[in-house]
Amino acid sequence: MADLFEDYPVGAAGAAWDEMFGEPGTPRPDYETLHATLRPLSGADLRVRADVLARAFLDQGITFAFGGVERPFPLDIVPRIISAAQWRTVEAGVVQRVRALEAFLADVYGAGQVLADGIVPRRVVVTSQHFHREAAGVVPVNGVRIHVSGVDLIRDEEGAFRVLEDNVRIPSGVSYVMENRRAMAHVLPEVFAATRIQPVEEYPAMLLRALKAASPVDDPTVVVLTPGVHNSAYFEHALLAREMGVELVEGRDLVCVGNEVAMRTTAGEQRVDVIYRRVDDEFLDPVQFRADSALGCAGLLNAARAGRVTIANAVGNGVADDKLLYTYVPELIRYYLNEEPALPNVETYRLDDPDVREFVLARLDRLVLKPVDGSGGAGIVIGSQATAEQLANVGRRIELDPRGWIAQREVSLSTVPTLIGDRLAPRHVDLRPFAVNDGRRISVLPGGLTRVALPEGALVVNSSQGGGSKDTWVVSDGGPSPYAYPDAALEPVVAAATQPDPGPGAGAYAAQQQQQQQ
Amino acid sequence: MLSRIAESLYWIGRYVERAEDTARILDVHLHRMLADPWTDEEVACRSLLSVMGAATDRLDAVGVTGVVERLGLDTTDTGSVLGALAAARENARGSRETVSAEMWECLNTTWLGLADARDRIDRRGVHPFFQWVRERCCVLAGLADTTMSRDEGWLFLVLGRSIERVDMTARLLSTHTRAGGTIPSWLTLLRSCGAWETYLRTYRGSLSDRHAAEFLLLDRLFPRSVLAALITAETCLAELEPDPGRVGVGTEAQRVLGRARTELAYKSPEELLTSLPQVLAGLERTCSAVNEAVSARYFRQTAAVAWAEAVA
């Protein structure tokens, strides 16, 4: 029987950091249990399990619309493991970043102190696609603008976590974190039983708590606002609404009169206090933004400005996850928090400086070029994998619109064994941990979405670019159980319940099966 | 209707419900044990077995496999999923002239599918198997609903189903009272009943002991709550008595059920929480008492005559 890990390439010089193997054949300590459980399985065994997994996802409608077609979001059967110590670094780094960005947003939509102090040039902020003057004067009830964030992290060639980009508008993917875990426990129970994994299922409760905390009234009505069933992340919107026990509304279900937002129900209009919106800023309110939008509700933003409704995440957050602003975040952390960044950025070049631009244009084939307002991996050009024609093209576009692009060093993302065919092969991954801010505390869900680029050598992991995902296990290092499971030992022994009532037809099975044999 | 047929229908109702509920309980609890490696597997399994009324006095260690074996695959015991489904099919076989052909076919197909149950569990894990069981039970419920006329036979089937539901929900809740009442385990319970999302919508996402207990015991609109099942059973019994007479209620079964229902319905939620173990034990006793009363009233009204060997 062929070993699953046979021919698994590890440790080539200058290659990506492999998370399972430091050197061929010897797994890193965190992965020892997983390695030992997987090794006796044959590739075919694993393939069968993987097919069960894929089937389960399809049946439950856990899909991602890709080019208009609903497809299952491929879940790889080999989980990714993060040790407790590593996780503490990630957690601290994410929390720090969210705090700094919250302070930055409050500042740019308020006094603008950071601009006056010249930490961030005013032109960078005001030329951002997502800087909305309409959001000025909207003061969040509990000071929170980034209720939910997803900071994309990668591990570089040395295994250190770095921030690739921030997502503080409407980060998606948390539903896959929850569903991946559920599905994996059904399909690979033996691995689960051997590892102490921190649970992720309380995310909806966490989110609901934060949304309620952001409400202008006590005992608020919370809704999730979705663009509708054709949105690529509709599955997630429905899951979150279901698990929070709140209504999933579309723009046409809402009505806003006199700065009061209400939803149309069979019992008349019912007031809405908090809107967890999954609709982009531009489509949210036809009065303020695109007048042709049918996805939002006219008057929402004014209602928020009047403090009658909370929109989460806040409008205008996009200025904080603009990719050019990303280059300023380490300085923002020092400026607002007087701390050193816990997670470094990837080395990035600002192309609005003519000298830097010249330097970059001369070595396009060794860099990664990203449009500043692109999301979902759209428009990214990886120099080393691009044709000469593509490079020339992107060079021209940069010269036309230097503010619209950034250049980054090409980081070889870390790899994790991934089932390809019936063999395991290294594939590049990233990590998106989700943080929820309820105004008092920023909690990071222990886990997060690991996306994996399935084509060999590919570095873009976005689900909209045909990527898959992995279940992400944050291992707990002791402490009490975060679950509280029936622990009969604590209770006085209760007399065993009686047997279920017996009825006719008992014992029929054995006799019948025997007759079948004859 | 023949007593024998009535009894068969009553037991088809009970067995199918038992199979479905046991599959639900096992599925969710086993998943929970795996997802939470802090669990003491032995203790949790023993607690589950004892709540389901399976003997655990044997000395050997009990693990997940043992639980699946005992509550899932034991063919000699009608308390297991397999045993209950086989017994339901056996009852349908004896009453094929009243059970619709489609229902019989459904039960029989299910029964045939049980032959390789163990193999399937080995190959693909317990979850797909229990899911299949749940689906088959739902198919039967749907066929009964659409192909049976609402006569006595239907009433006995629904009566059996409702009584079993009370019993099973009470047992399920007992797993919680043994846990010492903590919130995440309510999640397990609500999921076992398929009530998780309905519950969240009803209470707008708030998770508390009081609400969860209220929902599973007292909700009038959720069909798996104890109160809803008691009310359904009572309605069936009332309809089975063509002449209610003038004095009180006519039958012992109605008296037992009515007492249990009022006892539950008129308790305040606080009282209910503090006396949960007693309430649940009481419900289990009620089910047995109703079972006896129904048998005595409808199935064994006339004592069977037994022929004895001639005494020389």
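Residues numbered from 1 in each chain as written. Chains lettered and ligands numbered in written order. Predicted model: local features only at pLDDT ≥ 70, side-chain atom pairs only at ≥ 80, totals over all residues. Heavy atoms only, no water.

Considering the overall build of chain A
Scanning chain A from terminus to terminus reveals 16 helices and 25 strands. For chain A, with 518 residues in total, the buried portion stands at 54%. For chain A, contacts bridging at least 24 residues in sequence account for 70% of all contacts bridging at least 6. Carbon and sulfur atoms provide 50% of the accessible area of chain A, an area that totals close to 21,100 Å². (Helix = DSSP H or I, 4+ residues; strand = E, 2+ residues; numbered from the N terminus. Buried < 20%, exposed > 50% of the residue type's maximum accessible area, 1.4 Å probe, protein only. Contact = heavy atoms within 4.5 Å. Areas by Shrake-Rupley, 256 points an atom, 1.4 Å probe, with all protein chains shown as cover.)

Concerning the packing of helix α2 (residues 43–59) of chain A against helix α6 (residues 174–187) of chain A
Angle between the axes and distance between the axes: these two values describe a pair of packed helices. All names here are of chain A. For the pair α2 and α6, interaxial distance at closest approach is 10 Å and the crossing angle is 135°. Of the possible angle classes, the one that applies to α2 and α6 is oblique. Crossing of α2 against α6: the hand is right-handed. Packed against α2, whose contacting residues are Arg49, Val52, Leu53 and Phe57, the element α6 presents Glu179, Asn180, Ala183, Met184 and Val187 at the interface. Tallied by class, the residues present in the contact of α2 with α6 amount to six nonpolar, one polar and two charged. (Axes fitted to C-alpha atoms, helices over the stretch in contact; angles between N-to-C directions. Parallel < 35°, antiparallel > 145°, perpendicular 65-115°, else oblique. Left-handed = near helix turned anticlockwise from the far one by under 90°. Nonpolar A, V, L, I, M, F, W, Y, C, P; charged D, E, K, R; others polar.)

Let's talk about the domain arrangement of chain B
All names here are of chain B. Annotation of chain B at the domain level lists domain 1 (1–148) and domain 2 (149–300). Taking only C-alpha atoms into account, the centre of domain 1 sits 20 Å from that of domain 2. A buried area of about 2,900 Å², summed over both sides, lies between domain 1 and domain 2, and 58% of it is on carbon and sulfur atoms. Taken as a group, Tyr10, Val51 and Met148 account for 24% of the area that domain 1 buries against domain 2, more than any other trio of residues on that side. Viewed at the interface, domain 2 and domain 1 are joined by eight salt bridges. Measuring nitrogen to oxygen at the nearest pair gives 2.8 Å for the salt bridge that ties glutamate 164 to arginine 18. (Domains from an automatic or database assignment. Buried area = accessible area lost by both parts, 1.4 Å probe. Salt bridge = Lys/Arg side-chain N within 4 Å of Asp/Glu carboxyl O.)

Observations concerning the layout of surface pockets
Estimated volume of the largest pocket: approximately 1,200 Å³. Along its surface, the largest pocket is lined by 44 residues, and Gln60, Arg182 and His186 of chain A together with Asp27 and His127 of chain B are the ones closest to its centre. Elements with a contribution of two residues or more to the lining of the largest pocket: α2, α6 and α9 (234–244) of chain A together with α1 (3–35), α7 (126–147), α9 (183–192) and α10 (196–202) of chain B. When residues in the lining of the largest pocket are grouped by element, the largest group, eight residues, is from α6 of chain A. Classifying every residue of the lining of the largest pocket gives 19 nonpolar, nine polar and 16 charged. (1 Å grid on protein atoms, 1.4 Å probe; cavity = no way out; pocket = protein on both sides within 12 Å on 5 of 7 lines; lining within 4 Å. Points joined across faces, edges and corners; volume = space filled by probe spheres on them.)

Description of the pairing of strand β5 (residues 75–82) of chain A
Put simply, side chains in a regular strand alternate between the two faces of the sheet. Residue and element names in this part refer to chain A. Counting buried residues in β5 gives eight out of eight residues, a clear majority hidden from the surface. Sheet topology places β5 next to strand β25 (residues 468–474); five bridges connect them, and they run parallel. Each residue of the ladder has a partner; that of leucine 75, found in β25, is serine 469. (Pairing = 2+ DSSP bridges.)

Re the domain arrangement of chain A
Residues and elements named next belong to chain A. With domains assigned, chain A is organised as domain 1 (21–346 + 411–474) and domain 2 (347–410). Its C-alpha centre places domain 1 at a distance of 26 Å from the equivalent point of domain 2. Across the domain 1 to domain 2 interface the summed buried area is about 2,000 Å²; carbon plus sulfur atoms make up 46%. Summed over the three residues of domain 1 that lose the most area to domain 2, namely Lys323, Leu324 and Val346, the buried surface amounts to 31% of that side. Inspection of the domain 1/domain 2 interface yields five salt bridges. Taking the shortest distance from any N to any O, the salt bridge between glutamate 157 and arginine 409 comes out at 3.6 Å. Where the side of domain 1 that touches domain 2 is concerned, the elements lending two or more residues are α5 (122–126), β8 (161–165) and α12 (323–326). In the side of domain 1 that touches domain 2, the residues fall into nine nonpolar, eleven polar and eight charged.

Some words on the pattern of salt bridges
Residues and elements named next belong to chain A. Going through the model one piece at a time under the given rule, you end up with 54 salt bridges over all chains. Between arginine 334 and glutamate 340 there is a salt bridge whose closest N-O contact spans 3.0 Å. Using a relative accessible area of 36% as the deciding quantity, one classes arginine 334 as partly exposed. Here glutamate 340 falls in the exposed class, since its relative accessible area comes to 54%.

Quick word on the sheet that holds strand β13 (residues 268–271) of chain A
Residues and elements named next belong to chain A. As summarised here, the arrangement of the three strands in space is β11-β12-β13, forming an open sheet in which the pairing is antiparallel. On the outer flanks of this sheet lie β11 (254–257) and β13, each paired with one strand and no other. Taken over all neighbouring pairs, the strand axes of this sheet differ in orientation by 40° on average, direction set aside. Sheet analysis places strand β12 (residues 260–265) next to β13, joined by four bridges and oriented antiparallel. Paired with alanine 262 across the bridge in β13 is arginine 271.

Some thoughts on the side chain of glutamate 164 of chain B
All names here are of chain B. On the secondary structure map, glutamate 164 appears in helix α8 (residues 152–177). The class of glutamate 164 is buried, set by a relative accessible area of 0%. Ignoring anything within four residues of it in the chain, the contact list for glutamate 164 reads Arg14, Glu17 and Arg18.

Details of helix α4 (residues 81–93) of chain B
Residue and element names in this part refer to chain B. Compared with an ideal rise of 1.5 Å per residue, which puts 13 residues at 18 Å, α4 spans 18 Å between its outermost C-alpha atoms and is within 8% of the ideal. The buried fraction of α4 is high, at eleven of 13 residues. Every buried residue of α4 is listed here: Val81, Leu82, Gly83, Ala84, Leu85, Ala86, Ala87, Ala88, Arg89, Asn91 and Ala92. (Expected span 1.5 Å × (residues − 1).)

As for the sheet that holds strand β17 (residues 367–371) of chain A
Residues and elements named next belong to chain A. Read from one edge to the other, the open sheet built from four strands follows the order β16-β19-β17-β18, with strand pairing classed as antiparallel. Strands at the two margins of the open sheet, each flanked by one partner only, are β16 (348–350) and β18 (381–382). Where helix α15 (residues 388–400) meets the sheet, it contacts β17, β18 and β19 (405–409), and its direction lies at approximately 130° from that of β19.

A few points about the environment of glutamate 42 of chain B
All names here are of chain B. Here glutamate 42 lies in helix α2 (residues 41–51). Glutamate 42 gets classed as partly exposed once you look at its relative accessible area, which sits at 28%. Between the C-alpha atoms of glutamate 42 and glutamate 234, which are 192 residues apart in sequence, the distance is 39 Å.

Thoughts on unusual backbone geometry
Residue and element names in this part refer to chain A. The omega angle of the peptide bond from alanine 312 to asparagine 313 is -15°, so this bond is cis rather than trans. The residue asparagine 313 is located in the loop between β15 (310–312) and α12 in this model. For asparagine 259, which is not a glycine, the phi torsion comes out positive at approximately 65°. Along the chain, asparagine 259 falls in the loop between β11 and β12. Non-glycine residue asparagine 338 carries a positive phi angle of around 55°. As for its position among the elements, asparagine 338 is in the loop between α13 (329–337) and β16.

What to know about empty space enclosed by the protein
Residue and element names in this part refer to chain A. What the rule picks out here adds up to eight cavities of 30 Å³ or more. Approximately 170 Å³ is the volume attributed to the second largest cavity. If you go around the second largest cavity, you meet 16 residues; those closest to its centre are Val138, Pro140, Ala304, Ile311 and Ala314. Taken together, the residues of the lining of the second largest cavity break down into twelve nonpolar, three polar and one charged.

So, the packing of helix α5 (residues 101–113) of chain B against α7 of chain B
All names here are of chain B. Packing of α5 against α7 brings their axes to within 9 Å, and their N-to-C directions diverge by 170°. By the angle class used here, α5 and α7 are roughly antiparallel. In contact with Glu102, Met103, Cys106, Leu107, Thr109, Thr110 and Gly113 of α5, α7 contributes Trp132, Arg136, Val139, Leu140, Leu143, Ala144 and Thr147.

A short note on the nonpolar core
Core analysis: the largest hydrophobic core is formed by 104 residues, its most contacted members being Leu159 and Leu217 of chain B. Counting residues per element, this core draws most heavily on α1 of chain B, at 14 residues. In this structure, this core is formed jointly by two domains, domain 1 (1–148) and domain 2 (149–300) of chain B, each of which donates at least three residues. Once residues lying within four places of it in the same chain are set aside, the contact partners of leucine 159 of chain B are Tyr10, Ala233, Cys236, Leu237, Leu240 and Val294 of chain B. With 74 residues, the next largest nonpolar core counts Val125, Val163, Val309 and Val315 of chain A among its residues. (Core = buried A, V, L, I, M, F, W, Y, C linked by side-chain atoms within 4.5 Å.)

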